[in-house]
Amino acid sequence: MHPGGDVEFDVAVVGAGVVGCAIARHLARAGASVVVLDRAVDVGDGTSKANTAILHTGFDTEPGSLESQLVVRGRSLLADYAAAAGIAVEPTGALLVAWDDEQEARLPSLVDKAAANGCADVVLVGAEEVRAREPHLGPAARSGVSVPGEWVIDPWSVTLAFATEAVGIGTVLRLGTPVVGLDVGDEGLEVRTPDDVVRARWLVNAAGLGADRIDEMLGHRDFTVTPRRGQLIVFDKLARRLLTRILLPVPTARSKGVLVSPTTWGNVLLGPTAEDLEDRTDTATTAEGMARLLADGRRILPDLGAEEVTATYAGLRAATEPGGYQIHIHGDQRFVSVGGIRSTGLTSAMAVAEHVAGLLDGAVATWSGRPVATPPPVMPPLGERQVRPMRDPVRIAADPAYGTALCHCEQVSRGEVRDACHASVPATDLGGVRRRTRAMNGRCQGFYCGAEVVALVAAETGTRATTLTRVPR
Amino acid sequence: MSDPAVLVVGAGPAGLSAAHELAVRGVTGVLVVDREASAGGIPRHCDHTGFGVQDLHRAMTGPAYARRLADRAAGAGVRIRLSTTVAEVGADGSATLVGPDGIDVVRPRAVLLATGARERPRSARLVPGDRPAGVFTTGQLQQWVLLAGLPVGRRAVVVGAEHVAYSAVLTLRHAGVRTVAMVTSLPRHQTVPAFAWATRLGLRVPLRTSSRVASLDGHGRLEAVDVEDLVTGVVDRIPADTVVFTGEWVPDHELARRGGVVTDPATLGPRTDGWGRTSRPGILAAGNLVHPGETAGLAALGGRAAGRRLAETFQRATVRPAVGSLLTVAPPLVSVVPALVDPDDLPDRLLLRTAAFTDRRLVVARQSGREIGRHRLRHSVPNRSLGVPGAVVGAMVSDGGPVELTLI
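Residues numbered from 1 in each chain as written. Chains lettered and ligands numbered in written order. Predicted model: local features only at pLDDT ≥ 70, side-chain atom pairs only at ≥ 80, totals over all residues. Heavy atoms only, no water.

**Section: unusual backbone geometry**
Cut-off, in case you're wondering: Only DSSP runs of H or I with at least four residues qualify as helices, and only runs of E with at least two residues qualify as strands; both kinds are numbered from the N terminus onward.
Cis geometry is adopted by the peptide bond preceding A:Pro272, which originates at A:Gly271 and carries an omega value of -10°. As for its position among the elements, A:Pro272 is in the loop between strand E16 (268–271) and strand E17 (275–276). The phi dihedral of A:Arg470 is positive, around 50°, even though this residue is not glycine. On the secondary structure map, A:Arg470 appears in the segment after helix H13 (465–468). The backbone phi angle of B:Leu268 is positive, close to 70°, even though this residue is not glycine.

**Some points on the pairing of strand E13 (residues 211–217) of chain B**
Residues and elements named next belong to chain B. Heads up, the condition is: Each residue's exposure class comes from its accessible area (1.4 Å probe, protein chains only) as a fraction of the maximum for that residue type: buried when under 20%, exposed when over 50%, partly exposed otherwise. Only strands joined by at least two bridges in the DSSP assignment are considered to pair.
With 6 of 7 residues buried, E13 is to be regarded as a mostly interior element. Pairing geometry for E13 and strand E14 (residues 224–229), over 6 bridges, is antiparallel. The residue of E14 that forms the bridge with Ser-215 is Asp-226. The hairpin turn running from E13 into E14, its antiparallel successor, is 6 residues long, and Gly-218 in that turn takes a positive phi close to 125°.

**Details of the domain arrangement of chain A**
Residue and element names in this part refer to chain A. Which entries qualify depends on this criterion: All the domain ranges listed were derived from an automatic or database domain assignment. A contact between two residues is defined here by any heavy atoms of the two lying within 4.5 Å. Here the buried area means the combined drop in accessible surface, using a 1.4 Å probe, for two parts upon being joined, counting both sides.
For chain A, the assigned domains read domain 1 (1–88 + 150–223 + 322–384), domain 2 (94–148 + 226–320) and domain 3 (389–468). Taking the mean C-alpha position of each, domain 1 and domain 2 sit 29 Å from one another. Taken together, the contact between domain 1 and domain 2 spans 39 residues of the former and 32 residues of the latter. In this assembly, domain 1 packs against domain 2 so that about 2700 Å² is buried in total across both faces, 65% of it on carbon and sulfur atoms.

**Quick look at the sheet that holds strand E15 (residues 235–239) of chain B**
All names here are of chain B. Our working definition: Structural elements are reduced to axes, namely lines fitted to C-alpha atoms, with helices fitted over the stretch in contact, and the angle between N-to-C directions of any two is expressed from 0 to 180 degrees.
Across the sheet, 3 strands lie side by side as E13-E14-E15; this open sheet has antiparallel pairing. The open sheet terminates on both sides in strands that have one partner only, identified here as E13 and E15. Mean inter-strand twist for the sheet, computed between neighbouring axes without regard to direction, equals 30°.

**Here we look at the sheet that holds strand E16 (residues 242–245) of chain B**
Residues and elements named next belong to chain B. Taken in spatial order, the 5 strands of this open sheet run E9-E16-E10-E11-E12, and their pairing is parallel. The two strands at the open ends of the sheet, each matched to only one other strand, are strand E9 (135–137) and strand E12 (207–208). Of the pairings in the sheet, the one linking strand E11 (residues 178–183) to E12 comprises 2 bridges and is parallel in character. Across the sheet, the residue bridging to Val-183 is Arg-208, located in E12. On the sheet, helix H4 (residues 138–147) packs against E9 and E16 and is oriented at approximately 100° with respect to E9.

In structure tokens, the structure reads:
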């Protein structure tokens, strides 16, 4: 494939989360031949799928830090990209609300920090104004801080769009492929998988929760990863009327607090908890975690308690020690490690990719192909405020499958689920269908549509229903 | 399409019965819309007998009953439009219909919501654990097995011990799945004794009373259900690849709430009078949307009553909102339907629900502290309807304040 030897790819990226996919997209556009490897069967199936779906401003990052720079830059890049790709974004703004003296005393310093991060529009808001803006807040709400630039975004479509674009310009996506070993050779690196060896001239570690282990394979101990579990509760769409903005907690020495946020799907999100764990796979919710969230939720928005819960889930964030973004290049090994990309990673991903490309340029890496300037792919409209196929007479007229409801709660048509199974980065399991279409993510959780969705996905993907639902033999 | 006179949303027992009643009483232009591809609602996938006894006076299977109701309505001149979603009922009374043929906005003179109820799923019950496959509600399981013919698993735990839980055991058996335990937080089962005995002795399914599901184990697929004894606090790990959450019916009230209809805090369904009228003129509600978890027969009778009264006044008057005095309940009673009663227009029956087993059987109705009626119940079992004649509140005074129903 490449002149001068058996190097198959310019770059191998380990990790198909939002950061890995953003890096793959960026380098592929720069002319690199790229392979992305991930143990999961779908892109964005680890840390990236269970975040709080906020397009951050970086107002509360450490001023001058790499994270601060990349979040600010990434936000601007992603806002433009999402608009071009048709990814749902709602410019809700956020309101930090203080609930006691200690929190209230912290507010001025948060405004100063925001200013240092270039967020000049972050201002103090008096208690009366807080209540006027969010009348459903609990009675103990005090003054707050307004952060107009914090928006909500559809996080799943972001990773998918990056992967779709990368694949469209030749990136090879190897899902279900764990990396079991790494060897440094003269011409580049050998990435061992259970089935074969992938050769690449450069390696980028974007393995999230597994990033320290990949680093270790090449002898580096720059950081360790501790899985930090965040449990979240999604409330019914009928709760959406209770707030207009993201309601953020004021972090104190004792607690980071939980947020209540609208989602682009029209729901309300409450969470996350923050629990440091040993087990890097423990995405279970707990009775204590949910009880604590509900108690916080009722304090923040008392009326939330009367609304139905739609879903509960837990995500694992890749907290690193030392903290902060850990992006290192090891030119001698042709290796770039991207660790410590915590919850701001969705926002910063495009800037992280740009930064990684800069490090590679600095190391005089060259690519086998020419740069390409493709437009972003157009993603299916999943936002509640977008025109979805079932509300689009033109699409229904062109294909009645877009007017045939499959998932009633989320108003997902058969056409959309069919499309997801045949996309260039296709859904291969039910989780993939959920993230690409919202099917089965609604209030009934499959009471009405579960059987039909499974039957359709089985037919469209050629996967047996037994496999899709993991029925034991 | 031309505007229907009455738009009925939902082709289940309540909607089809209301539409049939309207048509036979001379209302032309009745349109029933259902989002599913076939009419009949939940009975479509309940493959056991006993349907039709309350309303049609003969017993048949769920699918047969579903067909019968649809045929009757169609035979009376009702139009039934399937695979069509009512996306919205607007403040102006218009309704947006979406289907494979496109999007239509219609302006009926009245909308009758009969959107039914669903079982509260695992997530809404806040059951801790990961999100493995193998977690069902009864409705999902029945469609899985009876409509789609999909594989289920081997060993199941059924959560709940009311009628529908026993129905889930039968569906599991049909699918070759052994039910290894039933779990109820109450001290006894809540079905008829014959079902409970047959299941426990005939199918050898143990019932764990005063117990709850503490968590689910398993990552990709369910591996076990942790069941906690609420009396001793002991948690048992029951290996299972399937769990079915039954009962805990929640009305599908989204259209009603988005349409500005006042809901009842106890049932979560629209607050109605005995004839399905709601707080909004021109919008009615009937069936399990109003009284979640009742039998198909009671839903059908409720639809029929709403259809009858709507037909009687349809030609000469606009459809007025519900009026009347509010009925309230005291614990252990949790709800009463209808919640609004006009003493000059009493409903045939009131449906009560209790949260706990109790020996108290006497329902006493009081208004402003004055007793106005009483009725002895045949049973007072949770998760089952407790029917009381409407006459029990017949002596109430209009504008005399709310009427409270108590068990003594």
